[in-house]
Amino acid sequence: MAKAIIVNKWTTAADLAVSSVPVPECPDDCVLINVAAAGLNFMDILMVEGKYQVRPKMPFIPGVEFAGTVIKVGSRVADYKVGERVFGSTPSSLGAFATVVAVKVTRASKYQLFRIPAGLSFREAAALYIAYPTSWLGIVEKAKLRRGEVCLVHAAAGGVGSAAVQIAKYLGATVIATAGGAEKCALVRTRLGADHVVDYREPGWVDRVVAIAASIPPATPGGPPRRGVDVVYDPVGYFIDDTRCVAWNGRILVVGFAATGGKIEAVPANRVLLKGASLIGVFWGGSTQNEPEVVPKTWDGIFRFFEAARYNDKPVRPLLYDTKTYCGIESVPEALVDLGSRKTFGKVVVDYVSRPHDAKL
């Protein structure tokens, strides 16, 4: 038997419970994976509450991303073998809150599953599948951030925000990061290497960002002083304030609305016009469906990034929440509650501490 969290009705993260379930079947075009760790996301909370834009049919097993070990391979699968370490998601983007998952390995689902890069742990790999493609897509493919530009990253202490800081630094940009509170600001500076950090809880943070940008030497020696940032990476929804921070021809990346309480700002179009600015939506799931050519480019870039990026002479790795340990699938509800109450930083990952022999095949 395996274990899983099953949602039979809309509920809260705190009320989720673990059940014993049969080990999934392993059809000819699938691999069976013993999950070692699962990454948690705000969408998981919204999903079980029935507030996400996609409402799954019940019953369902929530959870988007995982890392683990292949324990069985379908007869038509040639790309993977038993014992390989992998990370990814299921084609339905559900099911990671289970100790064993089945993943299709077909041409259509090619980018659902990957081998874990050398040097990354299961916990680190469980933090890759959502945050890094979203951040790479926005910063590299959409905004086309260049060396010497200035990038403002909101919620830099969070999962996607921390990934965005790392990627922007890797590209040679100067990073101004925002975070909430002195502790998170210090963390963003020391563990991610942001060049400047601003506490968005303090009044006048917008003016502070503009002043910092003006103090940064222009990309071209002798060029005009900077009048804002070139790129804004915004997963929280400060878009009206972003129009005050952005420079001429700046790019504002609309990544999410985590801080708006469900209220989505109406951005004054005249501000966008007067800055010659662009508002660019960043929706990784939509991009995989509507511009599939960007998917291999994004993942190739991410894997190169983890091979080459360094901070303080050490390889760059995902920022994982390590103040508290979540051990066992039974701790998923507690971890989701902490994530939802913003007690955490970086990526929240639950260690399942399962072994291949846990699953009776």
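Residues numbered from 1 in each chain as written. Predicted model: local features only at pLDDT ≥ 70, side-chain atom pairs only at ≥ 80, totals over all residues. Heavy atoms only, no water.

## A word on the environment of Leu-40
- By the secondary structure assignment, Leu-40 is in the loop between β3 (30-39) and α1 (42-49).
- On the basis of relative accessible area, Leu-40 is assigned to the buried category, the value being 2%.
- A C-alpha to C-alpha distance of 25 Å links Leu-40 and Tyr-311, two positions 271 residues apart in sequence.
- If we ignore the near neighbours within four places in the chain, the residues touching Leu-40 are Phe-97, Val-332, Ala-335, Leu-336, Leu-339, Lys-347, Val-348 and Val-350. (Helix = DSSP H or I, 4+ residues; strand = E, 2+ residues; numbered from the N terminus. Buried < 20%, exposed > 50% of the residue type's maximum accessible area, 1.4 Å probe, protein only. Contact = heavy atoms within 4.5 Å.)

## Some words on the pattern of salt bridges
- Under the defined criterion, the tally for this structure stands at 16 salt bridges.
- Residues Glu-149 and Arg-146 are paired through a salt bridge, measuring 2.9 Å at the closest nitrogen-oxygen approach.
- The exposure class assigned to Glu-149 is buried, which follows from its relative accessible area of 8%.
- A salt bridge links Asp-230 to Arg-226; the nearest nitrogen and oxygen atoms lie 3.5 Å apart. Just as Asp-230 is buried, Arg-226 falls in that class too.
- Several salt bridges converge on common partners, so that one network encompasses Arg-146, Glu-149 and Arg-251. (Salt bridge = Lys/Arg side-chain N within 4 Å of Asp/Glu carboxyl O.)

## Focus: the packing of α1 against helix α11 (residues 332-340)
- Between α1 and α11, whose axes approach to 9 Å, the crossing angle comes to 110°. In terms of axis orientation, α1 runs roughly perpendicular to α11. Facing Phe-42, Asp-44 and Ile-45 of α1, the residues of α11 in contact are Leu-336, Leu-339 and Gly-340. (Axes fitted to C-alpha atoms, helices over the stretch in contact; angles between N-to-C directions. Parallel < 35°, antiparallel > 145°, perpendicular 65-115°, else oblique.)

## A short note on the sheet that holds strand β10 (residues 196-199)
- In space, the six strands of this open sheet follow the order β10-β9-β8-β11-β12-β13, with parallel pairing throughout. Of all the strands in the sheet, the pair left with one neighbour each is β10 and β13 (278-281). With strand direction ignored, the average angle separating the axes of adjacent strands in the sheet is 20°.
- In the sheet, strand β8 (residues 150-153) pairs with strand β9 (residues 174-179) via four bridges, with the strands oriented parallel. Residue Val-153 lies in a different strand from β9, and its bridge partner there is Ala-177. (Pairing = 2+ DSSP bridges.)

## So, helix α5 (residues 182-192)
- Within the span of α5, buried status applies to Cys-185, Leu-187, Val-188 and Leu-192. Seen end-on, α5 carries its buried residues on one side only, within an arc spanning 160°. Seen from the buried face of α5, the exposed residues on the opposite side, beyond 90 degrees, are Ala-182 and Glu-183.
- Against α4 (159-170), β9, β10 and β14 (310-311) lie the buried residues of α5.
- Immediately beyond the C-terminal end of α5, within one or two residues, lies Gly-193, with a positive phi of roughly 85°. (Arc of directions from axis to C-beta.)

## What about the confidence of the model for the protein?
- Summarising the model, the protein shows a mean pLDDT of 93, and 97% of its residues fall at 70 or more.
- Between residues 354-361, whose pLDDT stays under 50, and residues either more than four places distant or in other chains, the model counts 18 contacts. (pLDDT = per-residue confidence, 0-100.)

## Section: the packing of α4 against helix α10 (residues 294-308)
- Put simply, α4 and α10 touch, their axes get as near as 11 Å, and they point 75° apart. Overall, the two elements α4 and α10 adopt an arrangement that is roughly perpendicular. Here Gln-166, Ile-167 and Tyr-170 of α4 lie close against α10, whose contacting residues are Arg-304, Phe-305 and Ala-308.
- Of the residues that constitute the contact of α4 with α10, the class distribution is four nonpolar, one polar and one charged. (Nonpolar A, V, L, I, M, F, W, Y, C, P; charged D, E, K, R; others polar.)

## Let's talk about the environment of Ala-168
- As for its placement among the helices and strands, Ala-168 is situated in helix α4.
- By relative accessible area, which is 0% here, Ala-168 ends up buried.
- Apart from residues no more than four positions distant in its own chain, Ala-168 is found in contact with Leu-145, Cys-151, Ala-173 and Val-175.

## Here's the deal with the packing of aromatic side chains
- The tally for this structure, following the rule as stated, stands at 19 aromatic pairs.
- Geometrically, the ring pair formed by Trp-136 and Tyr-170 is tilted, given 6.5 Å between the ring centres and 40° between the ring planes. Residue Trp-136 is located in helix α3 (residues 131-142), and its partner Tyr-170 is located in helix α4; the two are separated by 34 residues in the primary sequence.
- Judged by relative accessible area, Tyr-170 falls into the partly exposed class, the value being 30%. (Phe/Tyr/Trp six-rings, centres within 6.5 Å; stacked < 30°, edge-to-face > 60°.)

## As for the state of the cysteines
- This structure, assessed with the given rule, holds zero disulfides.
- Of the cysteine sulfurs around Cys-30, a residue in no disulfide, the closest is that of Cys-26, at 6.0 Å. (Disulfide = S-S within 2.5 Å.)

## Some details on the pairing of strand β11 (residues 229-234)
- Of all the six residues making up β11, six are buried; the element is thus mostly covered by neighbouring parts of the structure.
- Pairing between β8 and β11: three bridges, direction parallel. Counterpart to Cys-151 in the pairing with β11 is Val-231.
- Across five bridges, β11 lies against strand β12 (residues 246-254) in parallel orientation. In the strand pairing of β12, Val-231 is matched with Arg-251.
- Assessed by its sense of winding, the connection that carries the chain from β11 through helix α7 (residues 239-245) to β12 is right-handed. (Right-handed = clockwise from strand over helix to strand, strands pointing away.)

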